[in-house]
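# Fold and contact review
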2 protein chains.
Amino acid sequence: MQRTEPPIGVFDSGVGGLTVLRALRERLPGESFLYLGDTARLPYGTKSAETVCRYAEQAASILVDHGVKALVIACNTASSVALEHLRRRFAPLPVFGVIEPGAEAAVAASRRGEILVIATEGTVRGGAYERAIRALRPAAAVISTPCPLFVALAEEGWVEGPIAEAIARRYLEPILAGRPEIDALVLGCTHFPVLHRAIGAVTGPDVTLVDSAATTAAVVAASVEEGLLRPSRAVSREIRFLATDAPQRFARVGAVFLGEAIAPTAVELVDL
Amino acid sequence: MQRTEPPIGVFDSGVGGLTVLRALRERLPGESFLYLGDTARLPYGTKSAETVCRYAEQAASILVDHGVKALVIACNTASSVALEHLRRRFAPLPVFGVIEPGAEAAVAASRRGEILVIATEGTVRGGAYERAIRALRPAAAVISTPCPLFVALAEEGWVEGPIAEAIARRYLEPILAGRPEIDALVLGCTHFPVLHRAIGAVTGPDVTLVDSAATTAAVVAASVEEGLLRPSRAVSREIRFLATDAPQRFARVGAVFLGEAIAPTAVELVDL
């Protein structure tokens, strides 16, 4: 008889968090995942902290109602404003955000301690990356700047070429010119890792790009290895997708971020 | 004693509809306006018809509760899916959309009857412009294409220059090359009029850009002139702004679309 095992729940405002799911699958090939994209209310990045916190709780509740064994907030904006709230609200369920793992990776990558964070307006305004980086390295200089066009660019799939590079140049060159000591750049929005080539073409080889997807997956994997999270013993793993609106668009655009095709029929519409 | 007069209500998913408000103010300088931006749930353009219809009804209800004498749906996506629903729901209140005025202007502007509509994904999928144009000119050839990056570009204020032109070229050149008879282009999203110079640089002088803001304002003004809508007799007119989230961002980004500064204190936060 096949044993069923609760999945790890992952949510984001839309498809960007699929970069985190992709990293989680690579690190935890035996686990099942249930991913929710709150596509009816995306983007979170331009909205107020109170609104994002309320939306994040509602999104998390759907996953909890499906019986997940842990929650991963695969969205920088929601992680920066709602992590502590969700931990209290759903205790003792383990809840992971992407900010602290991203900050750890940035501190490890930076020799000179001057770090640039690019993110959505909401994440930059909340200042969570600055706090998390300075908690680890108090003398670090952290510069944060919103790059909202990167979200639309990634969703359109125009992730390389002259337009992506021109936009990256316009956002980043004035900052890098004024702060030549910057040697680490945090991709502080789950949409941004797909743009790493265009961003890297502007920053050059001297600046390490830090992708919090991989480091978040490592933190979740460590919890499993340390026994804080029960490993899956299921015979077969399963990946399921939920979206609060437009499941066909989710499947089409999501493929860019997951790195593989998603069948439109694999995405279930849920109401919030 | 100063007489108070009900305002004309105008709503959009965010700040794009301020291009319509700007045109309305120019045509109807004696009227008061109450503008609502549903910023908590923007954008409408990537969402399903059912969701947009529900959001539009809720946004309209706030304005109706404030006692407006007419409603203008200053959003192409909401006009294309919710106009008839809102007309029935709030009858006998006059409700105006932007699609039919835009279609009329396009038909008037096109000599050869080949018309390109650029819009959000939702507006293109709904096909309302095609239907409205063909109702007026059955032999017209209508090509519609979504240009979602234009929304982010306009919100960022990067409305002119090489990046805006490169994006316009990538969206439009392949279509214009394949359909040389196109002689009218409908700016089928209220965000797009601020990009008219960049778009015009790609289309050239042979293609007329049709902005539904001006023609919608003309239709509303005609209703006042024809006595279908009672003109304002107030001593002073008033423009008020409501936003469902992030009123400071509304004020900052909205200035691009209204064409003048908006004081952050002039935007009232309302709950939906």
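All values reported here derive from a predicted model rather than from experimental measurement.

## A word on the overall build of chain A
Tallying secondary structure elements over chain A gives 11 helices and 10 strands in all. Scaling as 2.2 N^0.38, a compact globule of 272 residues should have a C-alpha radius of gyration of about 19 Å, and chain A matches this with 18 Å. Considering only C-alpha atoms, chain A reaches an extent of 60 × 35 × 35 Å along its principal axes. For chain A, the residues scored as buried account for 53% of the 272 residues in total. The contacts of chain A with a sequence gap of at least 6 include a subset with a gap of at least 24, amounting to 78%.

## Concerning helix α7 (residues 149-156) of chain A
Within α7(A), 8 of the 8 residues are buried, leaving the element largely enclosed by the surrounding structure. Looking only at α7(A), the buried set comprises Leu149(A), Phe150(A), Val151(A), Ala152(A), Leu153(A), Ala154(A), Glu155(A) and Glu156(A). Looking at the packing, one finds that the buried side of α7(A) touches α8 (162-178) and α11 (247-258) of chain A together with α7 (148-156) of chain B. Positive phi appears at Gly157(A), one or two residues downstream of α7(A), with a value of about 80°.

## Regarding the nonpolar core
Core analysis: the largest hydrophobic core is formed by 182 residues, its most contacted members being Val72(A), Ile73(A), Val72(B) and Ile73(B). Apart from residues lying up to four places away in sequence, Ile73(A) is in contact with Phe11(A), Ala56(A), Ala78(A), Ser79(A), Ala82(A), Leu83(A), Leu86(A), Val95(A), Phe96(A), Gly97(A) and Val98(A).

## Things to note about the interface of chain A and chain B
Listed by partner, the interface residues are 20 residues for chain A and 19 residues for chain B. A per-class count over the side of chain A that touches chain B returns 11 nonpolar, 3 polar and 6 charged.

## Quick look at the sheet that holds strand β4 (residues 95-96) of chain B
All names here are of chain B. Across the sheet, which stays open at both edges, the 6 strands sit in the order β4-β3-β1-β2-β9-β10 with parallel pairing between neighbours. Because the sheet does not close on itself, it has two edges, and the strands there are β4 and β10 (267-269). As judged from the 2 bridges shared by strand β3 (residues 70-73) and β4, these two strands associate in the parallel manner. Bridge pairing links Val72 to Phe96 in β4. Its contacts with the sheet put helix α3 (residues 76-89) on β3 and β4, and the angle it makes with β3 is roughly 160°.

## Observations concerning the relation of the copies chain A and chain B
Turning one copy of the chain about an axis and sliding it along that axis gives the other copy, so a rotation and a shift relate them. Expressed as a screw operation, the relation of chain A to chain B combines 0.0 Å of axial shift with a rotation of 180°, fitting to an RMSD of 0.0 Å. Put plainly, the chains are arranged around a two-fold axis. For chain A, the smallest separation between a C-alpha atom and the rotation axis is recorded for Arg41(A), amounting to 2.6 Å. When the interface residues of chain A are mapped onto chain B, 95% of them again fall at the interface, so both copies present the same face.

## A short note on the domain arrangement of chain A
Residues and elements named next belong to chain A. Split by domain assignment, chain A resolves into domain 1 (8-97 + 214-269) and domain 2 (99-212). Each of domain 1 and domain 2 was reduced to a C-alpha centroid, and the two centroids are 22 Å apart. Every contact between the two is made by 27 residues of domain 1 and, on the other side, 26 residues of domain 2. When residues of the side of domain 1 that touches domain 2 are traced back to their parent elements, those giving at least two are α1 (18-27), α2 (49-65), α3 (76-89), α10 (212-225) and α11. Sort the elements by how many residues they give to the side of domain 1 that touches domain 2 and α3 lands first, with 5 residues. Within the side of domain 1 that touches domain 2, the residues separate by chemical class into 13 nonpolar, 12 polar and 2 charged.

## Things to note about the sheet that holds strand β2 (residues 33-37) of chain A
Residue and element names in this part refer to chain A. An order of β4-β3-β1-β2-β9-β10 is seen for the 6 strands of this open sheet, with the pairing classed as parallel. Edge positions in the sheet fall to β4 (95-96) and β10 (267-269), since each has one partner strand and no second. Each of β3 (70-73) and β4 touches α3; the most contacted strand, β3, lies at about 160° to it.

## Here we look at the environment of Pro231(B)
Positionally, Pro231(B) belongs in the loop between α10 (212-225) and β9 (239-243). Since 15 C-beta atoms lie within 10 Å of it, Pro231(B) is described here as partly exposed.

## Examining unusual backbone geometry
Look at the link from Leu42(B) to Pro43(B): it is a cis peptide, with omega at -10°. Mapped onto the elements of the fold, Pro43(B) is located in the loop between β2 (33-37) and α2 (49-65). In this chain, Ala91(B) is followed by Pro92(B) through a cis amide linkage whose omega measures 10°. Tracing the backbone through its elements, the reader meets Pro92(B) in the loop between α3 and β4. With phi around 45°, Ala246(A) is a residue other than glycine that occupies positive phi space.

## With respect to the pairing of strand β1 (residues 8-12) of chain A
All names here are of chain A. By the criterion of burial, β1 is predominantly enclosed, with 5 of the 5 residues buried. Here β1 shows a buried face lined by Ile8, Val10 and Asp12 and a second buried face lined by Gly9 and Phe11. In this sheet, β2 lies alongside β1 in parallel orientation, the contact comprising 5 bridges. Residue pairing in the sheet places Phe11 in a bridge with Leu36 of β2. With respect to chirality, the unit in which β1 leads through α1 into the neighbouring parallel β2 is right-handed. As defined by bridge partners, β1 adjoins β3 across 4 bridges and the pair is classed as parallel. Among the inter-strand pairings, Ile8 is bridged to a residue of β3, identified as Ala70.

Parameters at a glance
- Residues numbered from 1 in each chain as written.
- Chains lettered and ligands numbered in written order.
- Predicted model: local features only at pLDDT ≥ 70, side-chain atom pairs only at ≥ 80, totals over all residues.
- Helix = DSSP H or I, 4+ residues; strand = E, 2+ residues; numbered from the N terminus.
- Rg over C-alpha atoms; globule rule 2.2 N^0.38 Å.
- Buried ≥ 20, exposed ≤ 12 C-beta atoms within 10 Å, placed from the backbone.
- Contact = placed C-beta atoms within 7 Å.
- Core = buried A, V, L, I, M, F, W, Y, C linked by C-beta atoms within 7 Å.
- Nonpolar A, V, L, I, M, F, W, Y, C, P; charged D, E, K, R; others polar.
- Pairing = 2+ DSSP bridges.
- Axes fitted to C-alpha atoms, helices over the stretch in contact; angles between N-to-C directions.
- Least-squares fit on C-alpha atoms with pLDDT ≥ 70 in both.
- Domains from an automatic or database assignment.
- Right-handed = clockwise from strand over helix to strand, strands pointing away.

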